Amino acid sequence: DAGITQSPRHKVTETGTPVTLRCHQTENHRYMYWYRQDPGHGLRLIHYSYGVKDTDKGEVSDGYSVSRSKTEDFLLTLESATSSQTSVYFCAISEGEGAFFGQGTRLTVV
Amino acid sequence: SQQGEEDPQALSIQEGENATMNCSYKTSINNLQWYRQNSGRGLVHLILIRSNEREKHSGRLRVTLDTSKKSSSLLITASRAADTASYFCATHGGGYSTLTFGKGTMLLVSP
């Protein structure tokens, strides 16, 4: 597997609490992505980064923010978790062709 | 909205048979990629085909691309039970654009 690690792998949180998911890579890839995967929707892009401190919104960015202060780390924050954000979250890295995915974080908001 | 749409949504075949999955997309692309996802795991990159290519092979995989019809197909020959997984196409517009995924085809290969 490519050197990409997501943490935590599982999390249960209460509605209204902030949550931060971490993606860490050891491949020095330029591009990093956060996707969410839901039944019937496939993978949808939340936010992405094309360099340190360079980020942009994806298709479903409302309620999420990201930060990338180092090449190797890309953080996804749910500012105030809602039940609709219950999902499996995937981080991916790329150098422009083909992406490597982390193992996913299963987040449940109760 | 999703760029790629896979067809069929689900496919069930016997070991040894060929499996064909199709992907249609809406806008111009730089390349199109296919990924596999085993249950509960992350996606694994299978193959990439550029917009100026028509066909590409990798082992038992054959990918075609028809940019005039905005469609691609993935053929898995001589399927094995281990090929059971979901398969996704993803389009890339080049440069700083992102990977946009379809909803996937669920393939079941029975022994």
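The rules behind these values
- Residue positions are given per chain, counted from 1 along the sequence in the order it is written.
- All chains are assigned letters beginning with A, and all ligands numbers beginning with 1, in the order in which they are written.
- The model is predicted, so local features are restricted to residues of pLDDT at least 70 and side-chain atom pairs to those at 80 or more, both for listing and for counting; the totals for chains, interfaces and linings are taken over all residues.
- Heavy atoms from the whole structure form the basis of all side-chain values; hydrogens and water molecules are not counted.
- The numbering of helices and of strands both runs from the N terminus, where a helix is a DSSP run of H or I of at least 4 residues and a strand a run of E of at least 2.
- Based on C-alpha atoms, the radius of gyration is set beside the globule rule, defined as 2.2 Å times the residue count to the power 0.38.
- Only protein chains enter the accessibility calculation, which uses a 1.4 Å probe. A residue is then buried if its area is under 20% of the maximum for its type, exposed if over 50%, and partly exposed in between.
- Using a 1.4 Å probe, the Shrake-Rupley method yields the accessible areas, and only the shown protein chains count as cover for residues.
- Neither His nor the chain ends is counted toward charge; the positive residues are Lys and Arg and the negative residues Asp and Glu.
- Charged groups are reduced to one reference atom each: NZ for lysine, CZ for arginine, CG for aspartic acid, CD for glutamic acid.
- Defined by distance alone, a disulfide is two cysteine sulfur atoms within 2.5 Å.
- Strands were regarded as paired on the criterion that DSSP finds at least two bridges between them.
- All axes are obtained by fitting lines to C-alpha atoms, using only the stretch in contact for helices, and the reported angles, taken between N-to-C directions, cover 0 to 180 degrees.
- When checking whether two residues touch, look at their non-hydrogen atoms; a contact exists if any pair is within 4.5 Å.
- Buried area counts how much accessible surface, traced with a 1.4 Å probe, disappears from two parts once they are put together, with both parts' losses summed.
- For this analysis, a salt bridge means a side-chain nitrogen from Lys or Arg found within 4 Å of a carboxyl oxygen belonging to Asp or Glu.
- Each residue is assigned to one class: nonpolar for Ala, Val, Leu, Ile, Met, Phe, Trp, Tyr, Cys and Pro, charged for Asp, Glu, Lys and Arg, and polar for all the others, Gly among them.

**Observations regarding the overall build of chain A**
From N to C terminus, chain A includes zero helices and 11 strands. Shown N-terminal to C-terminal, the secondary structure of chain A runs as helices and strands in the order β-β-β-β-β-β-β-β-β-β-β. Computed over the C-alpha atoms, the radius of gyration of chain A is 13 Å, within 12% of the 13 Å expected from 2.2 N^0.38 for a compact globule of 110 residues. The principal-axis extent of the C-alpha atoms belonging to chain A is close to 35 × 25 × 25 Å. When each of the 110 residues of chain A is scored for burial, the buried share is 49%. Accessible surface, chain A as shown: approximately 5000 Å² in total, 47% of it carbon and sulfur. Positive and negative side-chain charges in chain A, numbering 11 and 13 respectively, have mean positions lying 4 Å apart.

**Let's talk about the state of the cysteines**
Residue and element names in this part refer to chain A. Scanning the model with the defined rule gives two disulfides over all chains in all. Through a disulfide, Cys-23 is tied to Cys-91; the S-S separation comes to 1.9 Å. The sign of the S-S torsion, about -75°, decides the handedness of the disulfide formed by Cys-23 and Cys-91: left-handed. On the criterion of sequence distance, the pair formed by Cys-23 in strand 3 (residues 19-25) and Cys-91 in strand 9 (residues 87-94) is long-range, its members being 68 residues apart. Exposure class is identical for Cys-23 and Cys-91. Each is buried.

**With respect to the sheet that holds strand 3 of chain A**
Residues and elements named next belong to chain A. In spatial order, the strands read 1-3-8-7; together these four strands make up an open sheet with antiparallel pairing. Both edges of this open sheet fall to strand 1 (4-7) and strand 7 (64-70), since each of them pairs with a single strand only. Each strand axis lies, on average, 15° off the axis of its neighbour in the sheet, ignoring direction. Inspection of the sheet shows strand 7 paired to strand 8 (residues 73-78) by five bridges, in the antiparallel sense. Looking across to strand 8, one finds that Val-66 is bridged to Leu-76.

**A few points about the interface of chain A and chain B**
Counting from both sides, the interface comprises 22 residues of chain A and, opposite them, 22 residues of chain B. Both sides together, the interface formed by chain A and chain B hides about 1800 Å², and carbon and sulfur atoms give 49% of it. The largest share of the area that chain A buries against chain B comes from A:Leu43, A:Glu97 and A:Phe101, three residues that together contribute 25% of it. If you look at where chain A meets chain B, you find zero salt bridges. Taken together, the elements giving at least two residues each to the side of chain A that touches chain B come down to strand 4 (31-38), strand 5 (42-51) and strand 10 (99-101) of chain A. Per element, the largest residue contribution to the side of chain A that touches chain B is six residues, and it comes from strand 5 of chain A. Partitioned by chemical class, the residues of the side of chain A that touches chain B number 10 nonpolar, eight polar and four charged.

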